[in-house]
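Here's the letter readout for the chains.
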Amino acid sequence: MPQRAATVVGGGIGGLAAAIALHRRGWRVEVLERAPKFTEIGAGISLWPNALRALEALGLADTVRSLGAVEATGGVRDRRGRWLSRTDNAELARRFGHPLVVLHRADLLRVLTEALPADIPRSGSEVSAVRDDGRSLVVEHAGGESRPDLVVGADGLRSVVRRALWPDADGPRYAGYSAWRMVTEPLPEPPSEGAATWGRGERFGYTALPGGRMYCFATASLPAGSTAHTTGADTTAASSCEYTGLLRRFGAWPDPIPALLAAVPEDAVLRHDLYDLPPLPSFVLGRVALLGDAAHAMTPNLGQGACQALEDAVTLAHCLDGTTDVPTALRSYDLLRRPRTQLITRRSARLGAVGQLSWPPAVLLRDTAARLVPARATLRSMTPVLAWTPPGDRVTATENENENR
Ligand code: FAD
């Protein structure tokens with residue numbers, strides 16, 4: 001079979017993983033990333049067993065695990081710090097083959113970038129348009145034009161590829177709450193277990209990273225765009241404003257939250273309004289496939305956005321294996337990925353709505369219900385999400401249709 005060429009638009013977790021999977025199957029690949037460098041300023045990221053299985057398929061699971069922290073237990077607490085539910089990571093690993101691993105995003109990005117030959121990821125290569133000129137696919141970018149056999153749109157929530165080829169699709173919808181992320185300095189005695197503390201319209205979570213650092217995240221129900229006000233593009237000043245706001249909001253929450261906040265560098269607070277994507281009727285069009293957030297951006301309540309992007313990448317390469325018929329292979333990819341990711345997007349949105357409840361009787365009911373559900377049942381309810389395995393034999397559209405019923 002002649003060597004085929006793929007252009008991956010976007011060098012985030014999904015795009016890099018897709019490039020690795022395609023490159024290993026003999027494709028000539030380029031990754032066009034608009035950022036000037038392949039780095040992640042982001043904080044931590046949790047990778048669930050399904051993501052580790054996808055990384056296994058890429059030959060990277062052991063490396064990623066060695067860079068992450070595995071906590072023995074974690075769970076959800078109420079606003080007074082009392083446990084509502086707890087998860088045993090050993091039980092998770094026993095059921096699903098891997099534990100929950102948390103690492104710094106920069107480390108994950110580095111592993112993915114280093115798994116590719118140095119000339120494949122191209123930073124400073126913003127893509128401005130994708131079109132079919134009748135003879136071939138054309139990707140216009142900062143370095144010129146590419147005419148690949150396959151385009152993978154992995155360019156995130158506000159995807160240019162999606163807007164170009166699905167012009168009528170609805171844009172991202174605001175979830176109604178904003179999120180902060182930060183990493184503490186190394187702590188001499190980090191908390192022994194992670195927790196998400198649920199308040200009224202506010203949540204604060206923390207989990208261990210290697211080296212005694214803690215990854216913290218918080219949410220609050222707010223109108224879109226209500227970030228800290230600073231003049232110009234001074235990100236350090238913006239972060240300090242956010243930090244002050246966080247102290248005001250969460251500084252009196254139960255231990256160890258005040259101590260964790262005290263260990264966060266003021267200039268290291270990231271703030272993002274949270275969006276998800278209304279369901280697309282298809283993730284593919286001809287020889288173009290959307291992947292990761294470009295296809296199915298979801299709220300982070302289940303910690304599954306990147307996990308699903310990794311699943312997408314492995315599945316896409318699998319569907320394209322051994323065939324020259326790219327459009328048919330992409331239809332198989334769509335049938336395998338769309339129902340699953342759209343279900344998880346809905347589930348994540350529902351969990352977020354519950355987590356953000358603020359009316360006191362509803363909060364009381366939520367907390368009581370969370371306390372009553374046995375840990376086993378919570379874990380069992382996660383089975384459809386966590387028990388994913390990479391597709392084995394080459395799949396066809398017909399087989400997948402049956403599978404997704
Ligand atoms: P992105 O990471 O958005 O990458 C897209 C890339 O495309 C970027 O590098 C961008 O610069 C580039 N790009 C964009 N436009 C262009 C263009 N025109 N030309 C060239 N390049 C372009 N997921 C988890 O699995 N676990 C978690 O714990 C988790 N926590 C989260 C916490 C928060 C607060 C948030 C907001 C999300 C979280 N997620 C988590 C979700 C996760 O971050 C995303 O789902 C994941 O990063 C998606 O990867 P992606 O590669 O599809 O998109």
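Please refer to the structure higher up on the page.
Residues numbered from 1 in each chain as written. Predicted model: local features only at pLDDT ≥ 70, side-chain atom pairs only at ≥ 80, totals over all residues. Heavy atoms only, no water.

1. Side note on the sheet that holds strand β7 (residues 121-122)
Then comes step 1: Strand order across the open sheet formed by six strands is β7-β2-β1-β11-β18-β17, with mixed pairing between neighbours. The strands lining the two open edges of the sheet, one partner per strand, are β7 and β17 (284-285).
Then comes step 2: Note that strand β1 (residues 5-9) and strand β11 (residues 150-153) share four bridges and pair parallel. Within β11, the residue paired with valine 9 across the bridge is glycine 153. (Pairing = 2+ DSSP bridges. Helix = DSSP H or I, 4+ residues; strand = E, 2+ residues; numbered from the N terminus.)

2. Considering the sheet that holds strand β10 (residues 144-146)
Then comes step 1: One open sheet holds the three strands; their spatial order is β8-β9-β10, and the pairing between them is antiparallel. With one partner strand each, in any of the chains shown, β8 (127-132) and β10 form the two edges of the open sheet. Put simply, the sheet's adjacent strands are angled 20° from each other on average, direction ignored.
Then comes step 2: Relative to strand β9 (residues 137-141), β8 runs antiparallel, the two sharing five bridges. From the neighbouring strand, valine 127 faces β9, where its bridge partner is histidine 141. (Axes fitted to C-alpha atoms, helices over the stretch in contact; angles between N-to-C directions.)

3. Digging into the environment of leucine 60
Then comes step 1: Structurally, the position occupied by leucine 60 is in the loop between α2 (49-57) and α3 (61-66).
Then comes step 2: Given a relative accessible area of 7%, leucine 60 falls into the buried group.
Then comes step 3: Distance in space between the C-alpha atoms of leucine 60 and leucine 108 is 9.9 Å, their sequence separation being 48 residues.
Then comes step 4: If we ignore the near neighbours within four places in the chain, the residues touching leucine 60 are Ile20, Leu55, Val111, Leu112 and Ala115. (Buried < 20%, exposed > 50% of the residue type's maximum accessible area, 1.4 Å probe, protein only. Contact = heavy atoms within 4.5 Å.)

4. Notes on the pattern of salt bridges
Then comes step 1: Tallying each qualifying case throughout the model produces 21 salt bridges.
Then comes step 2: Between aspartate 78 and arginine 371 there is a salt bridge, with the nearest N and O atoms lying 3.3 Å from each other. Of this pair, aspartate 78 sits in strand β4 (residues 73-78) while arginine 371 sits in helix α12 (residues 360-372), placing them 293 residues apart in sequence.
Then comes step 3: Judged by its relative accessible area of 3%, aspartate 78 falls in the buried class.
Then comes step 4: Arginine 371 gets classed as partly exposed once you look at its relative accessible area, which sits at 40%.
Then comes step 5: In this structure, the salt-bridge partner of aspartate 276 is arginine 173, at a minimum N-O distance of 2.7 Å. Residue aspartate 276 is located in strand β16 (residues 270-276), and its partner arginine 173 is located in strand β12 (residues 173-183); the two are separated by 103 residues in the primary sequence.
Then comes step 6: Aspartate 276 sits in the buried class, given a relative accessible area of 5%.
Then comes step 7: On the basis of relative accessibility, which here comes to 40%, the residue arginine 173 falls in the partly exposed class.
Then comes step 8: In this structure, a network of salt bridges that share partners links the residues Arg131, Asp133, Arg135, Glu140, Glu145 and Arg147. (Salt bridge = Lys/Arg side-chain N within 4 Å of Asp/Glu carboxyl O.)

5. A closer look at the nonpolar core
Then comes step 1: By size, the foremost hydrophobic cluster in this structure holds 80 residues, and its most contacted members are Leu22, Leu47, Leu55, Leu150, Val152 and Leu320.
Then comes step 2: Per element, the largest residue contribution to this core is nine residues, and it comes from helix α10 (residues 305-320).
Then comes step 3: Excluding anything up to four places from it in sequence, leucine 55 contacts Leu47, Leu60, Ala61, Val64, Leu112 and Leu310.
Then comes step 4: The next biggest cluster of nonpolar side chains, apart from the first, holds 22 residues, and it includes Leu187, Ala195, Trp253 and Val264. (Core = buried A, V, L, I, M, F, W, Y, C linked by side-chain atoms within 4.5 Å.)

6. What about the site of the ligand?
Then comes step 1: The environment of the ligand is made up of 30 residues, and the closest members are Gly14, Glu33, Ser46, Arg105 and Asp293.
Then comes step 2: Contact between the ligand and cysteine 307: an oxygen atom at 3.0 Å from a main-chain N or O atom of the residue.
Then comes step 3: Residue assignment for the shell around the ligand shows that the elements contributing at least two residues are α1 (13-24), β3 (44-47), β12 and α10.
Then comes step 4: Class assignment of the residues belonging to the shell around the ligand gives a composition of 11 nonpolar, 12 polar and seven charged. (Near = heavy atom within 4 Å. Polar contact = N/O pair within 3.5 Å; in protein donor to acceptor, adjacent residues only side chain to side chain. Nonpolar A, V, L, I, M, F, W, Y, C, P; charged D, E, K, R; others polar.)

Without other data, these values stay purely geometric and don't point to any function.
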